[in-house]
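# Breakdown of the fold
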Amino acid sequence: MFAAERRQLILEMVRANGAVSLRELARVVQTSEVTVRRDVRALEAEGLLDRRHGGAVLPGGFTRESGFPQKSHLATAEKTAIADLAANFVEEGEAIVVGAGTTTQELARRLARVPGLTVVTNSLLVAQALAHANRVEVVMTGGTLRGSNYALVGSGAEQSLHGLRVSRAFLSGSGLTAERGLSTSNMLSASVDRALVQAAAEVVVLADHTKLGTDTMFQTVPTDLITRLVTDEPPAHDDRAATELQALADQGVQIAVAGGQGGSVGAGPGGDAVPARQQRRDVPLPGPRRQVPGAGGQLRSASASMLGEQGPGAERARVADLRRR
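My aim in this report is to walk through the structure given alongside it, one point at a time.

Conventions adopted
- Residues numbered from 1 in each chain as written.
- Predicted model: local features only at pLDDT ≥ 70, side-chain atom pairs only at ≥ 80, totals over all residues.
- Heavy atoms only, no water.
- Salt bridge = Lys/Arg side-chain N within 4 Å of Asp/Glu carboxyl O.
- Helix = DSSP H or I, 4+ residues; strand = E, 2+ residues; numbered from the N terminus.
- Buried < 20%, exposed > 50% of the residue type's maximum accessible area, 1.4 Å probe, protein only.
- Pairing = 2+ DSSP bridges.
- Axes fitted to C-alpha atoms, helices over the stretch in contact; angles between N-to-C directions.
- Patch = residues over 30% accessible without salt bridge, like charges linked within 9 Å, V, L, I, M, F, W, Y side chains within 5 Å.
- Areas by Shrake-Rupley, 256 points an atom, 1.4 Å probe, with all protein chains shown as cover.

Right, let's get into the pattern of salt bridges. Per the counting criterion, the structure on display carries 11 salt bridges. The residue E94 makes a salt bridge to R168 at a minimum N-O spacing of 2.0 Å. Pair noted here: E94 is in the loop between α5 (76-86) and β4 (95-98) and R168 is in strand β9 (residues 166-171), with a separation of 74 residues, a long-range link. Assigned by exposure class, E94 and R168 land together as buried. One salt bridge in this structure joins E106 and R110, with 3.1 Å as the shortest N-O distance. Pair noted here: E106 and R110 are both in helix α6 (residues 102-111), with a separation of four residues, about one helical turn. Looking at E106, the relative accessible area reads 17%, which means it is buried. Linked through salt bridges whose partners overlap, the residues forming this network are D84, E106, R109 and R110.

Further remarks concern the sheet that holds strand β12 (residues 200-206). Judged by pairing direction, the sheet is parallel, and its seven strands sit side by side in the order β6-β5-β4-β9-β12-β14-β15 without closing on themselves. The outermost strands of the open sheet, each flanked by one partner alone, are β6 (136-140) and β15 (254-258). Direction aside, neighbouring strands of the sheet carry axes that sit 20° apart on average.

A separate point is a nonpolar patch on the surface. Taken together, the side chains of L124, M140, L145 and Y150 make up a nonpolar region of the molecular surface, amounting to roughly 320 Å² of accessible area. In this structure, M140 sits in strand β6. Since its relative accessible area comes to 32%, M140 is described here as partly exposed.

See the structure below:
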């Protein structure tokens with residue numbers, strides 16, 4: 001395929017979907033991501049699209065937000081892997097909040113198997129995914145329906161969250177940087193996400209690698225209030241994503257990486273690189289985390305909250321063993 005043909009096809013895909021990852025573009029045009037990246041740069045120079053970290057979107061800058069149909073086709077494999085890993089951080093009988101988004105919708109589908117769970121959400125898609133779960137209680141916020149992402153927003157949604165206290169909030173967004181934290185392109189969505197954060201003792205951000213290093217208009221969660229980031233393995237050539245992950249780890253964010261092998265991210269207590277492991281990688285917590293304003297008690301330590309290492313009953317077993325001695 002000639003360069004002109006490739007670029008025309010790339011442009012048509014972006015126009016049809018609103019946003020497309022480099023991986024998907026390379027698969028469709030049957031060439032390498034390096035070649036696709038050059039094509040995307042050339043199209044951006046002509047003002048026909050905007051580059052985003054790991055993909056391309058329609059022109060629009062900070063204020064543009066893709067709708068649900070466009071987002072649902074972007075980085076689908078990565079979102080599935082992230083949701084699989086994030087579900088491991090939810091315990092039986094827990095009360096959590098889950099924000100709106102395509103990644104959180106994937107998480108909700110997996111939470112249907114967690115007995116005794118209570119999920120508070122402003123997302124119709126999250127609620128729908130849990131509607132037939134026998135032992136999961138779903139609590140919807142009030143508010144005004146925002147049709148582009150099927151979420152409830154506005155003062156009604158925010159007021160319904162006042163006085164709420166849960167263990168964790170699971171949120172997604174349009175971009176994530178170490179400097180500003182999680183952000184989104186819509187003011188109403190950002191305001192509700194902030195209210196969700198205020199209701200939780202810990203904040204878990206779900207963001208695929210295409211969002212790392214991307215900054216959008218409205219900040220939702222500053223970096224110092226993010227307890228953990230669950231993301232996917234960035235491509236080997238993606239230095240920007242690796243740098244952003246390291247910067248987030250340096251600021252105390254625990255990093256869990258889904259579905260990757262090789263490479264390293266973050267640093268251990270002695271400053272050595274933390275090796276990657278299949279399906280999961282955690283960057284140790286460098287220092288004490290700031291508590292979310294209004295949260296009762298101290299946040300759980302990194303070792304106590306990582307369910308994938310030993311399981312929720314490990315601590316009880318150790319206590320019982322000590323008592324027998």
